[in-house]
Amino acid sequence: MEGAIGFTLEKKHERARTGVLHTAHGDIQTPAFVPVGTKANVKGVLPETLAHLGAQVVLGNTYHLYLQPGEEIVEQAGGLGTFMGWNGPTMTDSGGFQVFSLGAAYGRTITKIAKGEESAGDVVAVYDPEVQTQHGQLAIIDDEGVSFTSHIDGSLHRFTPERSVEIQHALGADMFFAFDECTSPTASYEYQKDAMHRTHRWAERSLRAHRQNLEANRRQGIFGIVQGGRHEDLRRESAKEIASMDFDGFGIGGSFSKEDMAGALQAAIPELPEEKPRHFLGIGEPGDVLTGIAEGMDLFDCVAATRMGRHGTIYTRRGNIHLKSEKYRTEFAPLDPETIIPGTEPFTRAYVSHLLRSGEMLGQIIASTHNLGFILRLVDGAREALLHGTFGEYRENFIRDYYA
RNA sequence: GCGUCGGUGGCAGAGUGGUCAAUUGCACUUGGCUGUAAACCAAGCGGAUUUAUCCUACGCAGGUUCGAAUCCUGCCCGGCGCA
């Protein structure tokens, strides 16, 4: 491979595909699910376990690692992977998502996935710097960058595309993302459009900042991020614009609703170069991952597996179950009788239910491990099915059982 | 036995004349969680319901009062102190 990372397209199957992503820390068979290790750890799961579960790459977060412990410490340790004891490939997110989660979403119940129609309103996604007070949110956006108030100690910080790239150079992941703005699904069309253009300008600046650092260029690849929110025309425009820049890979970010997710991908993906990897940021849940794969995405990261597990909900072939519910107290059955997850075989629903109810951390560990194993296995199965030309069937079968 | 403090919803513990079916926490029930401010958040949690109200309830039994978990009397039970 000529750059820091390379991508070999292996096989296509309608719009879906398999491939191999090459990095200095090893190859990644795609499609692949990327466990999220925000603060240099996948919550509740040891690197060794991740490897057993089949994880190939882990994603850390710029905002969080910058605040704690500070990127210079990660750099001194030898980079994100070495610091956390993970031998394989790593990625970092740029902090763009925190623009949303600490900004427009702060203190509210909104998430990046909109539900139905009710959220198509016109909620202001950022405050006007002239008139805003910081009450109620921790991130303020302007065209140049974003000012943050640390959620840890209230101190003030500022990210620009250049700064985000600089931090990500220090974190040293094999792949990292350009600094972007993840908008709220409740933002207006006009706002989404403005934010998208801002993200395009930030993409250029991120790319330039990276290419200027020859040393970092040799070891790290940079992904540009397509935005455009819930509007197909914006998605298409954004993809075209980002694709015209010399990125090593592409991310599709921002907000969706269940209904328009596939449409957004169908609008964006045809604009992206086939020979470069595509990462679906923050997605997802089992069904959404299969949708992404079907549309031609290669990589997925998501906190849902570990967060839901930690909170007591586990994935099963027949849908999600909440282990803390009354009925599982005495259900001495495997977590998911139809899915074998290495390391969780001995445990029953009743046992994990008890651990979860009594606040034992092992319950969270087992449930997180199970969910991660489940989604990794699902994606792995999808890859196999793609190679055998049976993906359509694979997906249909899964959806039928899972959402039955 | 005398004195003293106390007995409140599954538990702990507020309340000390009306705004109290009773603050709060835990437990419990049910939801939610998609680039992790998240081992978190939300709702419910005496009964019946036309959801407006009614009934039952702050150890038990009486009483005072327009009105009592709150005041008085007796009884029962518990802690502590003195015998």
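For clarity, every value in this text was computed on a predicted model and none was experimentally measured. (Residues numbered from 1 in each chain as written. Chains lettered and ligands numbered in written order. Predicted model: local features only at pLDDT ≥ 70, side-chain atom pairs only at ≥ 80, totals over all residues. Heavy atoms only, no water.)

### So, the overall build of chain A
Applied cut-off: Secondary structure elements are defined from DSSP: runs of H or I of at least 4 residues count as helices, runs of E of at least 2 residues count as strands, and each element is numbered from the N terminus. Restricting the calculation to C-alpha atoms gives the radius of gyration, and the globule rule supplies 2.2 Å times the number of residues raised to the power 0.38. Whether two residues touch is decided by their heavy atoms; if any such pair falls within 4.5 Å, the residues are in contact. Reported accessibility uses the Shrake-Rupley method at a 1.4 Å probe radius. Residues are deemed covered only where the shown protein chains occlude them.
Each helix and strand in chain A was counted, giving 15 helices and 18 strands. For 404 residues, the compact-globule estimate of 2.2 N^0.38 gives 22 Å, and chain A sits close to it at 20 Å. Across its three principal axes, chain A shows a C-alpha extent of roughly 60 × 50 × 45 Å. A sequence separation of at least 24 residues applies to 67% of the contacts in chain A between residues at least 6 apart. Carbon and sulfur atoms make up 51% of the accessible area of chain A, which totals about 16400 Å².

### Things to note about the domain arrangement of chain A
Note the following rule: For each domain, the first and last residues come from an automatic or database assignment. Buried surface area refers to the total accessible area, computed with a probe of radius 1.4 Å, that the two partners give up upon joining, counted for both partners together.
As far as domains go, chain A holds domain 1 (6–302) and domain 2 (313–402). Look at where the C-alpha atoms of domain 1 and domain 2 centre, and you get two points 27 Å apart. In this assembly, 32 residues from domain 1 lie in contact with 26 residues from domain 2. Of the roughly 2200 Å² buried where domain 1 meets domain 2, counting both sides, 76% is carbon and sulfur surface.

### Concerning unusual backbone geometry
At the junction of threonine 30 and proline 31, the peptide bond is cis and its omega measures out at 0 degrees in the coordinates. Residues other than glycine seldom take positive phi values, yet glutamate 14 does so here, at roughly 55 degrees. Residue placement: glutamate 14 occurs in the loop between strand 1 (6–13) and strand 2 (16–23). We note that alanine 40 has phi near 65 degrees; this positive angle belongs to a residue other than glycine. By secondary structure assignment, the location of alanine 40 is in the loop between strand 4 (32–35) and helix 1 (47–53).

### Regarding the packing of helix 13 (residues 349–357) against helix 14 (residues 361–388)
Convention followed: Axis lines are fitted through C-alpha atoms, for helices just across the contact stretch, and the angle between N-to-C directions can take any value from 0 to 180 degrees. Note on terminology: angles under 35 degrees are roughly parallel, angles over 145 are roughly antiparallel, angles of 65 to 115 are roughly perpendicular, and the others are oblique. Left-handed describes a crossing whose near helix is turned anticlockwise from the far helix through less than a right angle; right-handed describes the clockwise counterpart. The classification used treats Ala, Val, Leu, Ile, Met, Phe, Trp, Tyr, Cys and Pro as nonpolar, Asp, Glu, Lys and Arg as charged, and all other residues, Gly among them, as polar.
It is the contact of helix 13 with helix 14, at a shortest axis distance of 7 Å, that shows an interaxial angle of 130 degrees. By the angle class used here, helix 13 and helix 14 are oblique. The two elements helix 13 and helix 14 meet at a crossing, and its hand is left-handed. Here Tyr351, Val352, Leu355 and Leu356 of helix 13 lie close against helix 14, whose contacting residues are Leu362, Gly363, Gln364 and Ile366. A breakdown of the residues in the contact of helix 13 with helix 14 according to their chemical character gives six nonpolar, two polar and no charged.

### Describing the confidence of the model for chain A
Going by this rule: Every residue carries a pLDDT, the predictor's confidence in it, which falls somewhere between 0 and 100.
Looking at chain A, the pLDDT average stands at 93 and 94% of residues meet or exceed 70. Counting contacts from residues 117–135, a segment whose pLDDT is below 50, to residues more than four positions away or on other chains yields 32 contacts. The ipTM assigned to the predicted complex is 0.91, against a pTM of 0.92.

### Remarks on the packing of aromatic side chains
Keep this limit in mind: For Phe, Tyr and Trp, where Trp contributes only its six-membered ring, two rings pair if their centres lie within 6.5 Å, and the inter-plane angle classes them as stacked under 30 degrees, edge-to-face over 60, or tilted in between. Burial here depends on accessible area, computed with a 1.4 Å probe over protein chains only, as a share of the maximum for the residue type. Under 20% is buried, over 50% is exposed, and the range in between is partly exposed.
Throughout the structure, instances matching the rule amount to 15 aromatic pairs. Seen in terms of ring centroids, phenylalanine 256 and phenylalanine 280 are 5.4 Å apart; in terms of plane orientation they differ by 85 degrees. Their pairing is edge-to-face. Here the residue phenylalanine 256 occupies a position in strand 14 (residues 256–257), and phenylalanine 280 occupies one in strand 15 (residues 278–280), the gap between them amounting to 24 residues. Across the pair, phenylalanine 280 and phenylalanine 256 agree in class, each one buried. Of the aromatic side chains, those joined through ring pairs into one cluster are Tyr63, Tyr66, Phe148, Phe159, Phe179 and Trp202.

### Points about the pairing of strand 10 (residues 156–159)
Test applied: For two strands to pair, DSSP has to find at least two bridges joining them.
Side-chain alternation along strand 10 places His157 and Phe159 on a buried face and Leu156 and Arg158 on a face that remains uncovered. By the bridge criterion, four bridges tie strand 9 (residues 146–149) to strand 10 in an arrangement that is antiparallel. Bridged to phenylalanine 148 within strand 10 is histidine 157. Between the end of strand 9 and the start of strand 10, which pair antiparallel, lie six residues, with glycine 154 showing a positive phi angle near 80 degrees.

### Focus: the sheet that holds strand 13 (residues 249–252)
Sheet strands line up and pair through hydrogen bonds in the backbone, either parallel or antiparallel. Read across the open sheet, the eight strands follow the order 4-16-15-13-12-11-6-5; overall the sheet is parallel. Edge positions in the sheet fall to strand 4 and strand 5 (58–61), since each has one partner strand and no second. Between one strand axis and the next, the sheet turns through 25 degrees on average, direction left out of account. Examined bridge by bridge, strand 13 and strand 15 share three bridges and lie parallel to one another. For phenylalanine 250, the partnering residue across the bridge sits in strand 15 and is arginine 278. Relative to the sheet, helix 6 (residues 161–171) contacts strand 6 (90–93) and strand 11 (175–177), its axis offset from that of strand 11 by approximately 160 degrees.

### A few points about the protein's contact with RNA strand B
The condition that has to hold: For this purpose, a residue is taken to be near a molecule or strand whenever a single non-hydrogen atom of the residue falls within 4 Å of it. Polar contacts, as used here, are pairs of N or O atoms within 3.5 Å; protein pairs need one atom able to donate a hydrogen and one able to accept it. Residues neighboring in sequence count only if both atoms are side-chain atoms.
Among the 45 residues in the neighbourhood of RNA strand B, the closest are listed as Tyr106, Cys182, Gly282, Val303 and Thr306. Near-protein atoms of RNA strand B (within 4 Å) split between backbone and bases, with sugar and phosphate holding 48%. Between RNA strand B and the protein, one listed contact pairs a base oxygen with a side-chain N or O atom of threonine 306 at 2.3 Å. At 2.8 Å, a side-chain N or O of threonine 313 approaches a base nitrogen of RNA strand B. At the level of elements, strand 5, helix 5 (96–104), strand 16 (299–302) and helix 12 (304–310) are the ones that each hand at least two residues to the surface near RNA strand B. It is helix 12 that contributes the most residues to the surface near RNA strand B, five residues altogether. Residues that form the surface near RNA strand B fall into these classes: 14 nonpolar, 18 polar and 13 charged.

### Thoughts on a negative patch on the surface
So the rule is basically this: Each patch is built from residues that are more than 30% exposed by relative accessible area and take part in no salt bridge. Like charges join if they lie within 9 Å; nonpolar side chains (Val, Leu, Ile, Met, Phe, Trp, Tyr) join within 5 Å. Whenever Lys or Arg places a side-chain nitrogen within 4 Å of a carboxyl oxygen from Asp or Glu, that contact is recorded as a salt bridge. Charge convention: Lys and Arg are scored as positive, Asp and Glu as negative, and His as well as the terminal groups of each chain are ignored. Where a charge lies is defined by one atom per residue type, namely NZ (Lys), CZ (Arg), CG (Asp) and CD (Glu).
Residues Glu204, Glu232, Asp233, Glu237 and Glu241 make up a contiguous surface patch of negative charge. The biggest single contributor to the negative patch is helix 9 (residues 232–243), with four residues. Among the structural elements, aspartate 233 can be located in helix 9. Owing to a relative accessible area of 38%, aspartate 233 belongs among the partly exposed residues under this scheme.

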